[in-house]
Amino acid sequence: MSGGYCFLFRQASSVAPVPVTWAHRGRGVHYFVTPLLSRVITFALVLASLLVLALPAWAENGATTKGVPNVVPPKGEHAGKHVEQPIEFPHDIHTKVNGINCMYCHTYARRSKVAGIPPTSKCMGCHSMIATDKPRIKQLTEYWEKREPVKWKKVHDVPDFVHFTHEKHLKRFVFDNEGMSVDRVSEVCAFCHGDLKQMTVANKVKPLNMGFCVRCHEANKGPFDCWKCHK
Amino acid sequence: MSGNGVNRRDFLKILGWSGVGVAVAGCDRPTTVTLEEGKEEVVAYLQPEEYVIPGVGVWFASTCQQCAAGCGVHGRVREGRVLKMEGNPDSSINYGKLCQMGQAGLQGHYNPDRIKKPLLRKGGSLTEVTWEEALGALEQKVGAASGLAGDRFAWFTGTVSGHQSVLLSAHLAALGSQHHFVHEVINNAVGRAVNLDMLGEAMPRYRLDEAKVILSFGSDFLGAGISPVYFSTAYAKFRTGSPRGVLIQVEPKMTLTGGNADLWVPIRPGTEGAFALGIANQLLKQGVDAAGVPENIRALIASHDAEKVASITGSSADRLARIATLLKERSPSLVLAGASVEGHAHGYSAAAAVMMLNMLLGNVGKTIVAGGSSPFPQMEAKMGGTRDLIAFADAADKKNLDVVFFYGANPVYTAPSHLGLTEKLKNIPFKVAFSNFPDETALSADLVLPVLSPYEDWGTHMGIYQPEQKVVSIQQPLMEPLYPNKGFGDLLLAFLKMRKVKEYESFTDYYSYLKNAFTALPATVKGGALTNDEFWGKTLQKGLLEVPTVVGTLKPRLVEINLPEYKEDAQRPFHLVPSGRLGLWDGRHANLPWLQEAPDQISKIVWTSWAEIHPATAARLGVEQGDFLRITSDQGALEAQVYIHKGIHIDAIAVPMGQGHEEYGRYAKGRGVNPLKIISPGADARTGELALYGTRVTAAAAGRREFLVKLSSNETQLGRKMVATVTADVFNRAEPKTIT
């Protein structure tokens, strides 16, 4: 493990450094929450989002998709191959059957340049109680109990010389998009990731190359300077 | 090309096909960087801290370990890796700023040459062993059963402070040893002795911001000084005040500070004391009150008239008078002495002559005021010099040592050849080096314990120069250890447990020791009604704890000044100046590529050593830039490429410290030369510090030449007005009496 990714999995313990508050360094977001308060807030958010997300999901299953307003979706296809993952995670069950919002698990997408793979603790939040008898959940629980992170295979990626940020795209297509509802965010995700409601593990179905990006930026009047993406 | 029978078209064809060849060959290589799906792994957190957002940095406060100044830092951590260092705005040492050495510290942390496992000498060579085996071997030699006691054991370290220093002292006490050798090449040990004798305080507070003019004798306070970032901030205040402060620098080789000066005065090395006395002479002539000056010193001053001093120092009589006038008229002033004054056999006297100017000018109490002291003297920085290096070499020579622990120092590299340290070390049966890198000292040790990097370890520090507010600065891990090694504090605790089980058994690790030490502080230090955990959390978050600082009073008095007559040396006509620089420092940062790549502030040379000489000297020696110059002292010779610059005295040859490593990893090894190796024997008469600037040398062309790699290959502006200039006459009409 030396030199690899072992230090990614820092576990909360008493021997932990304490970060400075974000006040000195302008990232735009200032978090000043005590651990206790943040736990209360997290709990309340989880409850609220489950309530809010569950309702439109029912509605959506019945209604036809109207398309994302004020957006010309990017064009381009990619015949992605099936990628064998350590656990065959069923996106379809979570999004289509259970109607869970993409951003419930990929919670970093609206806050950071990366959408982030959900931490195992997030999975266990539900699966310590739900569907515990299923083989895939047993596999997951095994990882969790061994305190071993799941090594997923990467499906979607852009080169290191490309600066792509999920946060900005979600802001433009969802949060600052008049007439667009957060409940239908999966349609925006599908621009680049395809319709995950029809997939188990993710499959690359969009080319994610420069032409694909540029065509969309052209159609939607996105920024066109080289340095916007090639910093 | 056509001369070889290859035309342009053929050349392009060959180029094209070889490109294909490379591409085809490249297919066989396993790759981990790809856009193809399913090839790379993406690993999520198991259970992240609540504040973690992948892709967004989190800042942690810690303390910089790149020199002994102890600047507070913030480190940006993303996805579990520390990526960027910045200054901690709460620190009263660096006020949120950080120098290039602080920035480059990360390259020490991620350095490919880091030692990953303990090394034990077996049958003559160092072999990788487990920590159990390494500590077992160590316990055999220094544990309770070993019978080792008293001064047969020694610690040899760089500057140490904080709780590590407390535990280190406790370890020495547990073994009954008095031997703690503290060694720093770039130090102000002579200056501290002068201050203690003449002001009653070793480290008073220099109010650069209060001074209207600074006369600095080789004090490189902006570069290789005691606290470069602190003094840069103070210097900025000095420069932006009204009227704008004037800096005059008197030194043999232009330092970074000299490069910033309004007036730079070259001086023959070793004659700074005479120059100071010459200024004193002029001041007395101009009617400065010298009532408190005893008769013998007054006579000494009287004997240094302008003409005599000009002939000794190589400066002009007129210039002395003008500097004196400026000092007198623009009060308060500040006169400083630095390494080039102190590094002679008469360094103490020369620095005392410089300090006397402050007294004559009435600066004591205005620009030199009393510094503060903290309630925790045991945690204050233990500062070193080169005297301890001599003492250590002596102890090793007399076979007085059985076991030595080295930490934060590389004496095998820094010791001049005349000390013969490499040979003398063989007299010490068991040498332990706590080092992250295969440096010269580590590779001559019998056991190498790779400690955690400063970015992985816990600790506390007190900067060597904290004249305003004393702070205990916290060092927090900024990421998980890259290699499964042990922290320095944890090792100290382990050593103490070998001897004093009862006293230390309650501390499971160094973290618990530190937390306990902080939470046990009295309420006056903690401040506010906080629980222990709240106080500890708050302190870690801020990165430092301000402790009550008591400001004392200065007790000025004059001391005896004994300056020898300056003597020419016909056999060795040149003076060797082993200059220090902010960057490679004393050589400890030679393994950091960023600092090798960062050009020297004056010469703009990168990645190598050079011999800096005046154009007149170059003409005298018949050498040009890039020629190798062979510099010979009574201790040996070295060869370095000539760099020609007007910012050096014609009798001086400057070779920078920092290069010439025989070991120390791929970036440092075998690069340039180490001027410390050819330093002549000799030490300051009063303090016993090595006379680093007192070496006489000969120089001759070595008969070979290479292209000298440097930024800004041309010293002139080629007629383009990139930096517009006016004559002194025009300038003085606008702002009188600024240029002397």
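For the structure itself, look to the data block above.
Note that the structure is a prediction, hence the values are computed from the model and not measured.

S.K.: Please clarify how the overall build of chain A should be interpreted in this entry.
M.R.: Summing up its helical and strand segments, chain A has 9 helices and 1 strand in all. Mapped from its N terminus to its C terminus, chain A presents α and β elements in the order α-α-α-α-α-β-α-α-α-α. Evaluated residue by residue, chain A yields a buried proportion of 34% over its 231 residues. Of all intrachain contacts in chain A linking residues separated by at least 6 positions in sequence, the fraction that spans at least 24 positions is 69%. For chain A, the exposed area adds up to about 13,900 Å²; of that, 62% sits on carbon and sulfur atoms.

S.K.: Can you walk me through the pattern of salt bridges in this structure?
M.R.: Applying the stated criterion across every chain yields a total of 39 salt bridges over all chains. Among the salt bridges present, the one from Lys153 of chain A reaches Glu41 of chain B, with a minimum N-O distance of 3.7 Å. Taken together, the residues span two chains, with Lys153 of chain A in strand β1 (residues 151-153) and Glu41 of chain B in strand β1 (residues 41-43). The class of Lys153 of chain A is partly exposed, set by a relative accessible area of 25%. The salt bridge partner of Lys171 of chain A is Asp176 of chain A, with a shortest N-O separation of 3.1 Å. According to the relative accessible area criterion, Asp176 of chain A is exposed, its value standing at 54%. Overlapping salt bridges bring together Lys154 and Asp157 of chain A together with Glu40 of chain B as one network.

S.K.: What is the right way to read the pairing of strand β13 (residues 333-337) of chain B from this model?
M.R.: Note on strand geometry: in a regular strand, side chains alternate between the two faces of the sheet. All names here are of chain B. For β13, the tally of buried residues reaches 4 of 5 residues, placing the bulk of the element in the interior. Two elements, strand β10 (residues 213-217) and β13, share 5 bridges in a ladder whose sense is parallel. Directly across from Phe217, in β13, lies its bridge partner Ala337.

S.K.: What should I look at first to understand the environment of Gly223 of chain B in this one?
M.R.: Tracing the sequence through the fold places Gly223 of chain B in the loop between β10 and α6 (228-240). C-alpha separation for the pair Gly223 of chain B and Leu256 of chain B, spaced 33 residues apart in sequence, amounts to 5.7 Å.

S.K.: Even after reading the chapter, I still don't get the packing of helix α8 (residues 272-285) of chain B against helix α9 (residues 295-302) of chain B, so can you show me in this structure?
M.R.: Between two packed helices, the angle of one axis relative to the other and the distance separating the axes together describe the packing. All names here are of chain B. Two numbers describe how α8 lies on α9: the axes approach to 8 Å, and their chain directions differ by 100°. One way to sum up the angle between α8 and α9 is to call them roughly perpendicular. Contacts between α8 and α9 involve Leu277, Ala280, Asn281 and Leu284 on the former and, on the latter, Arg298, Leu300, Ile301 and Ala302. Considering only residue class, the contact of α8 with α9 consists of 6 nonpolar, 1 polar and 1 charged.

S.K.: Mind showing me how you'd approach the sheet that holds strand β17 (residues 430-434) of chain B here?
M.R.: Two strands in a sheet stick together by hydrogen bonds in their backbones, pointing the same way (parallel) or opposite ways (antiparallel). Residues and elements named next belong to chain B. Read from one edge of the open sheet, 7 strands run β6-β5-β18-β17-β16-β7-β8, paired in mixed fashion. Where the open sheet ends on each side, the last strands, each with one partner, are β6 (125-128) and β8 (180-182). Averaged over all adjacent pairs, the angle separating strand axes in this sheet is 20°, with direction ignored. Two strands pair when backbone bridges link them, and strand β16 (residues 403-407) and β17 are joined in this way by 5 bridges, in the parallel orientation.

S.K.: Can you walk me through the pairing of strand β3 (residues 72-78) of chain B in this structure?
M.R.: Residue and element names in this part refer to chain B. Most of β3 sits inside the fold, with 5 of its 7 residues counted as buried. With 6 bridges connecting them, strand β2 (residues 58-63) and β3 associate as antiparallel partners. By the bridge assignment, Phe60 is partnered in β3 with Gly75. Summarising the sheet, β3 and strand β4 (residues 81-87) pair through 6 bridges and their orientation is antiparallel. In the sheet register, Arg76 faces β4, and the bridge partner there is Lys84.

S.K.: Help me understand the packing of aromatic side chains in this model?
M.R.: Two aromatic rings are characterised by how far apart their centres lie and by the angle between their planes. Residues and elements named next belong to chain B. Tallying each qualifying case throughout the model produces 32 aromatic pairs over all chains. Geometrically, the ring pair formed by Tyr235 and Phe238 is tilted, given 5.8 Å between the ring centres and 35° between the ring planes. Here the residue Tyr235 and the residue Phe238 both occupy positions in helix α6, the gap between them amounting to 3 residues, near one helical turn. A relative accessible area of 8% means that Tyr235 is categorised as buried. Look at Phe238 and you get buried, because its relative accessible area is 2%. Centre to centre, the rings of Phe507 and Tyr513 are 5.0 Å apart; their planes meet at 80°, and the pair counts as edge-to-face. The same class applies to Phe507 and to Tyr513, which are both buried. Every member of this aromatic cluster is reached through a ring pair, and the members are Phe153, Trp155, Phe405, Tyr407, Phe434, Phe488 and Phe495.

So, how was this worked out
Residues numbered from 1 in each chain as written. Chains lettered and ligands numbered in written order. Predicted model: local features only at pLDDT ≥ 70, side-chain atom pairs only at ≥ 80, totals over all residues. Heavy atoms only, no water. Helix = DSSP H or I, 4+ residues; strand = E, 2+ residues; numbered from the N terminus. Buried < 20%, exposed > 50% of the residue type's maximum accessible area, 1.4 Å probe, protein only. Contact = heavy atoms within 4.5 Å. Areas by Shrake-Rupley, 256 points an atom, 1.4 Å probe, with all protein chains shown as cover. Salt bridge = Lys/Arg side-chain N within 4 Å of Asp/Glu carboxyl O. Pairing = 2+ DSSP bridges. Axes fitted to C-alpha atoms, helices over the stretch in contact; angles between N-to-C directions. Parallel < 35°, antiparallel > 145°, perpendicular 65-115°, else oblique. Nonpolar A, V, L, I, M, F, W, Y, C, P; charged D, E, K, R; others polar. Phe/Tyr/Trp six-rings, centres within 6.5 Å; stacked < 30°, edge-to-face > 60°.

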